[in-house]
Amino acid sequence: MNLGEEARLHTLSIRNLTVRKGGTEILSGIDADIRCGEVTALIGPNGAGKTTLLQAILGQLPYTGEIRFCRSPEHGEGAPRIGYVPQHLDFDRETPLTVLDFFALSAQRRPVFFGTSSAVRRSARESLERAGVAHLLDHPLGKLSGGELQRVLFALALRDSPDILLLDEPVSGVDLAGGEQFCGFLSQVHSDSRFSLLLVSHDLSVVTRHADQVICLNRRIVCQGATTEVLTADNLAAMYGGDAHLFRHNPADGHGHLHERREGGG
């Protein structure tokens, strides 16, 4: 396969990636591909290195091996644009910062207490509209609910029209209804834009409904491939241990998707 063919298939290729922190090997020999325009789910137990892999892709920590970004000709020249939605945003909720101010921090040079430009305000509003939360533009950031904050972070990640979007547990800390709403919205935005999406999730119902491919990680690649082929009881047991097994929702809840269940939490 030549590079032109590969660029049409993969947005990024990861080869023999290893990450060490403080002398401890966090990730070992990772080989994976994120396909252009598809949703790839990254699953694994706590401490498996999922967030570490995202940080390596973002260039936020050192690693050995190779991460190669590919961009098909129709998307233009140069490295792909990457959007990122973290699992948590640590900030002082008493800080007098609006959603617009939050957007302006990364979009203009002058301090936000001098005001925001009309261009920044217009760009922020357009991004928030795309995420369905334009009404939050002038709201205090610290007063947002968990679901509202995730939508704002998602809007910020979409602002520069990313080729690749990395989501780290996007519905963590959001109630069930909010999580369902966010995932439905995410599917619609992805369908409209067709960016490549790498989604970290512990909720296997989200994975079975939305992911084309799954990477099972536990400091190394346990298995990877099409979602319907990878999410088996044997593979989950290899990743989470003997207590992991699958069950289905009751028919009354409207869907029969697979979930992870482990005794004792964790």
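Bear in mind that the values here come from a model prediction, so they are computed numbers and not experimental data. (Residues numbered from 1 in each chain as written. Predicted model: local features only at pLDDT ≥ 70, side-chain atom pairs only at ≥ 80, totals over all residues. Heavy atoms only, no water.)

### Things to note about the overall build of the protein chain
In step 1: The secondary structure content of the protein chain amounts to nine helices and eleven strands.
In step 2: Taken over 266 residues, the protein chain has a buried fraction of 45%.
In step 3: Taking as baseline every contact in the protein chain between residues at least 6 positions apart, the subset at least 24 positions apart corresponds to 64%.
In step 4: With an accessible surface of roughly 13100 Å², the protein chain has 48% of that area assigned to carbon and sulfur atoms. (Helix = DSSP H or I, 4+ residues; strand = E, 2+ residues; numbered from the N terminus. Buried < 20%, exposed > 50% of the residue type's maximum accessible area, 1.4 Å probe, protein only. Contact = heavy atoms within 4.5 Å. Areas by Shrake-Rupley, 256 points an atom, 1.4 Å probe, with all protein chains shown as cover.)

### Focus on the side chain of Thr-18
In step 1: Along the chain, Thr-18 falls in strand β1 (residues 10-21).
In step 2: Here Thr-18 is in contact with Glu-25, Leu-27, Ser-28, Gly-29, Tyr-63 and Thr-64, once residues within four sequence places are set aside.

### Here we look at the nonpolar core
In step 1: Within the largest apolar cluster, 50 residues are counted, with the highest numbers of intra-cluster contacts made by Ile-43, Leu-128, Val-152 and Phe-154.
In step 2: Looking at this core element by element, the count peaks at seven residues for helix α5 (residues 146-158).
In step 3: Discounting residues that sit within four places of it in the chain, Val-152 has contacts with Val-99, Phe-102, Phe-103, Leu-128, Leu-136, Leu-141 and Leu-144. (Core = buried A, V, L, I, M, F, W, Y, C linked by side-chain atoms within 4.5 Å.)

### Here's the deal with helix α2 (residues 50-57)
Counting along an α-helix, one turn takes 3.6 residues, and residues three or four places apart therefore face a common direction.
In step 1: The buried fraction of α2 amounts to six of the eight residues, a majority that puts the element mostly inside the structure.
In step 2: Three or more residues of α2 are buried, namely Lys-50, Thr-52, Leu-53, Leu-54, Ala-56 and Ile-57.
In step 3: Phi for Gly-59, located one or two positions after α2, is positive at around 75 degrees.

### Thoughts on the environment of Cys-216
In step 1: Along the chain, Cys-216 falls in strand β8 (residues 213-217).
In step 2: With relative accessibility at 1%, the residue Cys-216 sits in the buried group.
In step 3: Spatially, the C-alpha atom of Cys-216 lies 8.4 Å from that of Ala-41, the residues being 175 residues apart in sequence.

### Here's the deal with the pairing of strand β3 (residues 39-43)
In step 1: Burial analysis of β3 places five of its five residues in the buried class, the great majority of the element.
In step 2: Sheet analysis places β3 next to strand β7 (residues 196-200), joined by four bridges and oriented parallel. Considered in β7, the bridge of Thr-40 is made with Leu-198.
In step 3: Pairing of β3 with β8 involves four bridges; the strand directions are parallel. Bridge pairing in β8 links Ile-43 to Cys-216. (Pairing = 2+ DSSP bridges.)

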